[in-house]
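# Commentary on secondary and tertiary structure
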Amino acid sequence: MVAVSGSQIMNICTIICQNYRAQARVLAESFAAAYPDGTCVVLILDEYKQNATSADSELFESLTLADLGQPFFVEMAGYYDVLEFSTSVKPWLLEWMLDRYGNSGPIAYFDPDILITSTMPELEMALHDGTIALIPHLTDALPEDGMSPTEQHILLAGIYNLGFIGLRDHPETRRFLDFWKQRVRWNCINDQPSGFFVDQRYVDFVPGLFDGVQILRHRGYNVAYWNMSTRPFTLDEAGLLVSDVPVRFIHFSGYNPNRRDVISAHQDRILMGNDSNLAPIFHNYADALIEHGYLEFRNIPYGFDTTYSGAALTPMLRSVYKDYLAHHNGSGSVFTHQGEITFRAYLEHPDQGDADLSQAEALVAEDRPDLVGDANSVLVIRERLRAAGAVRTALGGFLVDPPVADSPVRQSAVSIDKPWNLSDGVNVVGYLNATVGVGEVARRLIGAMDDLSIPVWPVPLTLEVTGRRVPFLSPSGSGDLPFGHTLVCVNADAIASVADNLSSRRFHDKYISAVWWWEVDTFPDYFIDAFRYVDQVLVGSVFIRDALRLISPIPVHHLPIPIWVGETRRVERSVFGKRVGNDDFVYYFSFDYFSVFERKNPLAVIDAYTRAFEEKDGAHLVIKSINHEHFREQRGLLARAIGTRSDITVIEQAVSVEDRDRMVARCDCYVSLHRSEGLGMTIAEAMYLGKPVIATGYSGNLDFMNAENSCLVDYKLIPVGGGCAPYPTSAVWADPDVEQASEFMRFVFDHRAESSALGARGAQSIRRTNSISVTADALREIFA
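Criteria and cut-off values
- Residues numbered from 1 in each chain as written.
- Predicted model: local features only at pLDDT ≥ 70, side-chain atom pairs only at ≥ 80, totals over all residues.
- Heavy atoms only, no water.
- Phe/Tyr/Trp six-rings, centres within 6.5 Å; stacked < 30°, edge-to-face > 60°.
- Lys NZ or Arg CZ within 6 Å of the ring centre and 35° of its normal.
- Disulfide = S-S within 2.5 Å.
- Buried < 20%, exposed > 50% of the residue type's maximum accessible area, 1.4 Å probe, protein only.
- Helix = DSSP H or I, 4+ residues; strand = E, 2+ residues; numbered from the N terminus.
- Expected span 1.5 Å × (residues − 1).
- Arc of directions from axis to C-beta.
- Contact = heavy atoms within 4.5 Å.
- Pairing = 2+ DSSP bridges.
- Axes fitted to C-alpha atoms, helices over the stretch in contact; angles between N-to-C directions.
- Right-handed = clockwise from strand over helix to strand, strands pointing away.

Let us now look at the packing of aromatic side chains. Scanning the model with the defined rule gives 52 aromatic pairs in all. Judged by centre distance (5.7 Å) and plane angle (55 degrees), the ring pair of Phe523 and Phe527 falls under tilted. Seen in terms of ring centroids, Tyr593 and Phe597 are 5.7 Å apart; in terms of plane orientation they differ by 15 degrees. Their pairing is stacked. Between the NZ or CZ atom of Arg21 and the centre of the ring of Phe297, over which it lies, the distance is 6.0 Å. Positioned over the ring face of Phe749 is Arg752, at 4.6 Å from the centre of the ring.

This is the structure in structure tokens:
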């Protein structure tokens, strides 16, 4: 097929925030190579809130929101998150493009993470004959192999991918844009279970509602992770082909140039490996992004993430602001001083339904009935919300300032702007020889830095109650700190004593990063003083990050922890002892009594197991614990729950790392009915070894667990209550559904092939989300 007319000029547009400028540059450059007479227009959403980079030398024409002339855009930026907002303005940008360029030929929108590889004669022909051009996600059925994405994922996202749309100026096209604008003005939301995926689902209606719609099924268009498994790349003298046709453009959705061998964060079906055709395409794109400033732009914060005063726009705050504008005659942008004051006054005003509760309190109480409980007194409701910090959490401190305003923040001896160069080296302080989770994390981070060839000086600390010591090479136990940066792998409650013990070794002259762990959604006020000893905090899960950021006066970064398990091929059946039969199907759970018995919740595991199995069924539950001798009462509870069951074994001793790993390798299913986890290291290790995992669907383990790779148990949130120090009594955690967990246990036992496939998917995903290379990439980004 050939282009329709040499007089037809293609013009395109895209939408970015400042941190995506490198992607826009690569798109514009690739478009210019194919269409040197065309124009690429880039709408930079948050440029007015940032120090704009000069566009004088760019290959694209840049626009700001002001250029589109819609005053309500700044309100939309307040109630939509970045994905929702960047897709919601698309029809107005396309209308602007038709007004400016519609007379000279077709126009098209492309997502910024697209690379155009040739001219597009099929698109030109489609828009010569028709009015609107769409491209379906799929032109072939996906294999039913349990991998992601599935066809159900595509159905939830929409039949057509709105990373592209082509238009010709025509009355029918203008009618379509009016239809689209009306829908996305208020309902460009990401709520796929309810049938909304930003702007895409509305376009499913378009072929039935409007005339002249052209569906481009050419396999060379919009080649991306969702269709790549059915469109193999080849390279011959004619150039780059896919399914034996020329590639027109490639969509690098979910691709991270810092993880250049992972095709997309949104899929696990295609592995790049050493594919001689696939790898160069992605590697070359990564090189192009870096050449065009990716490392410079990637960390620019989104300009509409905070209000005028700097308050974080949490999801609930955005939702309340939207309701305020749409249904309460609200007006004004929260990105202006007066607009924020007006909105704040609305939230502080008494609720119409109850004159004693503020609008904010009433909204949070409605959203968190688990906190309100059976309270019917306004004073009790207010006290329960206050004790849980619920209003502060839900509204991001918008009405209640974090209780750290007067907390002394450490003044580092090293520049905060450029604290440390990775190649300079790191002192790592931690319990390097202890059989505790924080010690294991320190050892794993040292391994990740070794992988990056970063010089490391390990500094071991002594922990009195540790059980068996873990051998770990340290420089003669030296407490010297030769490098300018120190990574302290101890929790907030111990940081002061570490600082005091190391003060004679110039601890206070270093740039200090602390690796902290925490297991509930509320960080207690009595730990706030710990922030003054460090310059930044690194945490192992998004769950912890979100809890700490609410009160932290210093940066808090998510640092994925690498997961691996040592050599476990020589696993003997006797690793669990003589009571476990060679043919028994083994469920396994391990915990440390010092990690808070109520949080680890072993009684729920026993309850679920005994509901699922009789002693004669051929199953066996093994519970491994350490430090029971310090917790006689809790140990008694465990023993009484087990009773006389001969198919439940408790192993109460410290073992070597090798035997610990062998136990996980020997089991058939790992179970954790925890109330909350900072990460869930034992869960992750079981997944790494391909074990099907049953676990509470709450807290840090959701970084790597989902319904596709594990059995997530439903829960309700309950107060932590007393007797669970160090956790605040006002915090909440999960109460897992024991009956559902029991059903999962039985399912895994009765359906071995499906359980094995589930374990295999878990192993594949954990090796992708928590590899050493992912940790290394995160370290590079944090200290870039």
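Once you've had a look at it, read on.
Scanning the model with the defined rule gives zero disulfides in all. Cys669 carries a free sulfur, and the closest cysteine sulfur to it, the one in Cys711, is 7.0 Å from it. Taking the relative accessible area as the measure of exposure, Cys669 reaches 0% and is therefore buried.

Once that is clear, we can look at unusual backbone geometry. Here the bond from Ser148 into Pro149 is cis, since omega is 0 degrees, no more than 30 degrees from zero. One can find Pro149 in the loop between strand 6 (132-134) and helix 7 (151-157). Ala725 connects to Pro726 through a cis peptide bond whose omega is 15 degrees. Unusually for a residue other than glycine, Asp244 sits at a positive phi of about 70 degrees. Position of Asp244 relative to the elements: it lies in the loop between strand 12 (239-242) and strand 13 (245-246). The phi angle at Asn627 is positive, at roughly 70 degrees, despite the residue not being glycine. Relative to the elements of secondary structure, Asn627 occurs in the loop between strand 22 (619-626) and helix 24 (632-642). Its relative accessible area of 7% is what places Asn627 among the buried residues.

We now examine helix 14 (residues 337-348). The end-to-end C-alpha distance of helix 14, which contains 12 residues, comes to 17 Å, matching closely the 16 Å that a straight helix rising 1.5 Å per residue would cover. Along helix 14, the residues that are buried comprise Gly339, Glu340, Phe343, Tyr346 and Leu347. One side of helix 14 holds all its buried residues, which, seen down the axis, span an arc of 120 degrees. For helix 14, the secondary structure elements touched by its buried residues are helix 13 (315-327) and helix 15 (359-367).

Once that is clear, we can look at the sheet that holds strand 17 (residues 485-489). Within a sheet, adjacent strands bond to each other through the backbone by hydrogen bonds, running parallel or antiparallel. Strand order in the open sheet formed by six strands is 16-15-17-18-19-20, with parallel pairing between adjacent strands. Pairing within the sheet leaves two strands with one partner each, and these edge strands are strand 16 (456-460) and strand 20 (556-558). If you compare each strand with its neighbour and ignore which way they point, the axes differ by 25 degrees on average. Relative to strand 20, helix 21 (residues 542-549) is tilted by about 170 degrees, and along the sheet it contacts strand 18 (511-516), strand 19 (536-539) and strand 20.

Moving on to the pairing of strand 24 (residues 669-672). Residue alternation in strand 24 divides its side chains into two sets, Cys669 and Val671 and Tyr670 and Ser672, and both sets are buried. Of the strand pairs in this sheet, strand 21 (residues 585-592) and strand 24 are connected by two bridges, and their pairing is parallel. When the sheet's bridge partners are listed, Tyr587 is paired in strand 24 with Cys669. Inspection of the sheet shows strand 24 paired to strand 25 (residues 693-696) by three bridges, in the parallel sense. Among the inter-strand pairings, Val671 is bridged to a residue of strand 25, identified as Ile694. In this view, the connection linking strand 24 to its parallel neighbour strand 25 by way of helix 26 (residues 681-688) has right-handed handedness.

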